[in-house]
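Working through the structure, step by step
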Amino acid sequence: SIFITSISNEKIKRKKEVLEQRKLINLEKILGKAIDFCLDDGNEEEIDPDWFFSFVKMAEEIFSPAMQELWGKIFAVETAKPGSFSLKTLGLLKQLTQKDAQIFRNAVNLGSKHKDGSSPKLILGYYQKKNIWSFFSSHKNYRLNLAEFGLGYTDILSLIDLGLIHHSEIESGELPIGIPAQWRCAGQVLDLIAKRSGTTLVYYKFTSTGAELCKLVTRKRQDAYVKSLRITLD
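The sections below set out a description of the structure shown in this document. (Residues numbered from 1 in each chain as written. Predicted model: local features only at pLDDT ≥ 70, side-chain atom pairs only at ≥ 80, totals over all residues. Heavy atoms only, no water.)

1. Re empty space enclosed by the protein
If a probe as big as a water molecule is rolled over the atoms, it shows which places are left empty. In this structure the tally under the stated criterion is 1 cavity of 30 Å³ or more. The calculated volume of the largest cavity comes to roughly 90 Å³. The wall of the largest cavity is formed by L70, L93, L96, A101, F104, R105, L213, L216 and V217. For the lining of the largest cavity, the element with the highest residue contribution is helix α5 (residues 98-109), accounting for 3 residues. Across the lining of the largest cavity, the residue classes tally to 8 nonpolar, no polar and 1 charged. (1 Å grid on protein atoms, 1.4 Å probe; cavity = no way out; pocket = protein on both sides within 12 Å on 5 of 7 lines; lining within 4 Å. Points joined across faces, edges and corners; volume = space filled by probe spheres on them. Helix = DSSP H or I, 4+ residues; strand = E, 2+ residues; numbered from the N terminus. Nonpolar A, V, L, I, M, F, W, Y, C, P; charged D, E, K, R; others polar.)

Listed below in structure tokens is the structure:
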């Protein structure tokens, strides 16, 4: 019995040693990725110690190579500009699976940002308030189906559950007639101009956490989406 207990304790000890070694390897790989990104912008401000030790603790448990690369980029950005990522964002990122990360990348690639805005948005189309003349105009679809561009409704729900976009669609304020508003949409610049009164954009808005994580995604142009968006908004 004593012999068996000794063997069992030895196995537990060995398992702990292997796990600790693997954690160290994970951290080394992530810091190695951070060095590869090399985002030194001359900022001499130091990383907050609490943030650093929280990052280390979480990074040790990131085993996926794809996610390790993401965490490496986070550390590189935070080193260059401390305060870029909150601990809340790190905690959420740790929960993401590779599938979640891919859905988020798709959303970011379809994202739009107003010239003077801070938070990116997923533009769905626009809403036109009813007036007497609208009853005599032909029907027109004012909304896009994001599923046609790789972001289905279930993907939207996943992003909402993860806290990366707000839980409901949002309408902008009424757009001024004839005054162009510059937007960066999926890799292209668009000047959106309201032709009639009562026109508002409809979109999903990224949360503050989602906006922070958007910085990590290398964006790709989405010409098909922008083309459909132009047609929808015309």
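2. Considerations on the nonpolar core
Grouped burial of nonpolar side chains is what soluble globular proteins tend to show. If you look at the biggest cluster of nonpolar residues, it comprises 59 residues, and the most contacted ones within it are F55, W71, F104, L151 and Y225. Considering each element in turn, this core owes the most residues, 7 residues, to helix α3 (residues 65-80). In this view, F104 contacts L159, L164, F206, G210, L213, C214 and V217; residues no more than four positions away in its chain are not counted. (Core = buried A, V, L, I, M, F, W, Y, C linked by side-chain atoms within 4.5 Å. Buried < 20%, exposed > 50% of the residue type's maximum accessible area, 1.4 Å probe, protein only. Contact = heavy atoms within 4.5 Å.)

3. Some thoughts on the pairing of strand β2 (residues 121-128)
For β2, the buried fraction is high: 7 of the 8 residues fall into the buried class. Across 7 bridges, the pairing between β2 and strand β6 (residues 199-205) is antiparallel. Its bridge partner being in β6, L122 is matched across the sheet by Y204. (Pairing = 2+ DSSP bridges.)

4. Structural notes on the packing of α3 against helix α4 (residues 87-95)
Two numbers describe a pair of packed helices, the interaxial angle and the distance between the axes. Relative to each other, α3 and α4 sit at 170°, their axes nearing to 11 Å. In terms of axis orientation, α3 runs roughly antiparallel to α4. Contact residues: α3 offers M67, L70, W71 and I74, while α4 offers L90, L93 and K94. Its residues assigned to classes, the contact of α3 with α4 shows 6 nonpolar, no polar and 1 charged. (Axes fitted to C-alpha atoms, helices over the stretch in contact; angles between N-to-C directions. Parallel < 35°, antiparallel > 145°, perpendicular 65-115°, else oblique.)

5. Side note on the pattern of salt bridges
Enumeration over the complete set of coordinates arrives at 7 salt bridges. Notably, a salt bridge pairs K23 with E61, separated by 3.9 Å at the nearest N-O pair. Of the two residues, K23 is situated in helix α1 (residues 2-37) and E61 in the loop between α2 (49-59) and α3; the sequence distance between them amounts to 38 residues. A relative accessible area of 15% places K23 in the buried class. The partly exposed category is assigned to E61, whose relative accessible area is 38%. Salt-bridge contacts for D234 lead to K195; the nearest nitrogen and oxygen are separated by 3.2 Å. With D234 in the segment after α8 (223-233) and K195 in the loop between β5 (188-192) and β6, this pair connects stretches of sequence that are 39 residues apart. Note on accessibility: D234 and K195 belong to one class, exposed. Via salt bridges that share partners, E20, K23, E61 and K94 belong to a single interconnected network. (Salt bridge = Lys/Arg side-chain N within 4 Å of Asp/Glu carboxyl O.)

Purely spatial values, then, with no claim about function.
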